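# Tertiary structure, described
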Amino acid sequence: ALGENALNSTTGAALKNIGIGTNALTALTVQDDNIAIGHASMSGATSSAHSNIAIGFETMDGFTSQAILKNIAIGYQALSGALHQDSSGMIAIGYQAGLVHQSGQQNIYIGLGTGMENMIGDNNIAIGYNSWYRSHNSMQNDDNIFVGSGAGGGDWTGTASSSNIGIGTSAL
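Below or above, wherever it landed, is the structure these notes cover. The structure presented is a predicted model; accordingly, all values stated were derived computationally and were not measured.

Turning next to the packing of aromatic side chains. The final tally for this structure, using the stated rule, is three aromatic pairs. For the pair Phe57 and Tyr76, a centre-to-centre distance of 5.1 Å together with 10 degrees between the ring planes defines the contact as stacked. With Phe57 in the loop between strand 4 (53-55) and strand 5 (68-69) and Tyr76 in the loop between strand 6 (72-74) and strand 7 (91-93), the pair connects residues that are 19 residues apart, well separated along the chain. Given the relative accessible area of 33%, Tyr76 is considered partly exposed. When the ring of Trp132 is compared with that of Phe146, the centres are 5.6 Å apart and the planes differ by 45 degrees; the resulting orientation is tilted. In this pair, Trp132 is assigned in the loop between strand 9 (125-127) and strand 10 (145-147) and Phe146 in strand 10, connecting sequence segments 14 residues apart.

Okay, structure coming up:
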């Protein structure tokens, strides 16, 4: 641990964790194999975090008490939503990638603002600047692939978005 309050709540049961930065992994009590680098990175993780990597300012800082396993978040506020209900196997790389994601597994967000408003869903891929940017809703969004700047950037707020493929600038 390096930084004010970094890993300051752990017990003897928390093993092989790295916290670098003010408030990095500050709430972690038990669980293993987490790496948090950056101010408030994984700051809300308690006993539910295992095998996660968070690099950047406030990355993955919205943990709840649900099991959050095997995620990678790199970038300013990447995956910083209220993660719960098996948010596992996620990859978010880029400024605010997967910003409000709360529930779902095996999603990949690569690029600035990708999947920024997707709250719920499994098995989605969004690659490119602001791809799948406007999917903010409380409906299950599964099995989508959006590649390209603004791909999948339509207004998905009124309906579920599942099994779509959009490739190219502003496709769908």
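Back to the write-up after that little detour.
What follows is about the side chain of Asn141. Along the chain, Asn141 turns up in the loop between strand 9 and strand 10. There is a polar contact of 3.2 Å between the side chain of Asn141 and the backbone oxygen of Met139.

Here is what the cut-offs are and how they apply
Residues numbered from 1 in each chain as written. Predicted model: local features only at pLDDT ≥ 70, side-chain atom pairs only at ≥ 80, totals over all residues. Heavy atoms only, no water. Phe/Tyr/Trp six-rings, centres within 6.5 Å; stacked < 30°, edge-to-face > 60°. Helix = DSSP H or I, 4+ residues; strand = E, 2+ residues; numbered from the N terminus. Buried < 20%, exposed > 50% of the residue type's maximum accessible area, 1.4 Å probe, protein only. Polar contact = N/O pair within 3.5 Å; in protein donor to acceptor, adjacent residues only side chain to side chain.

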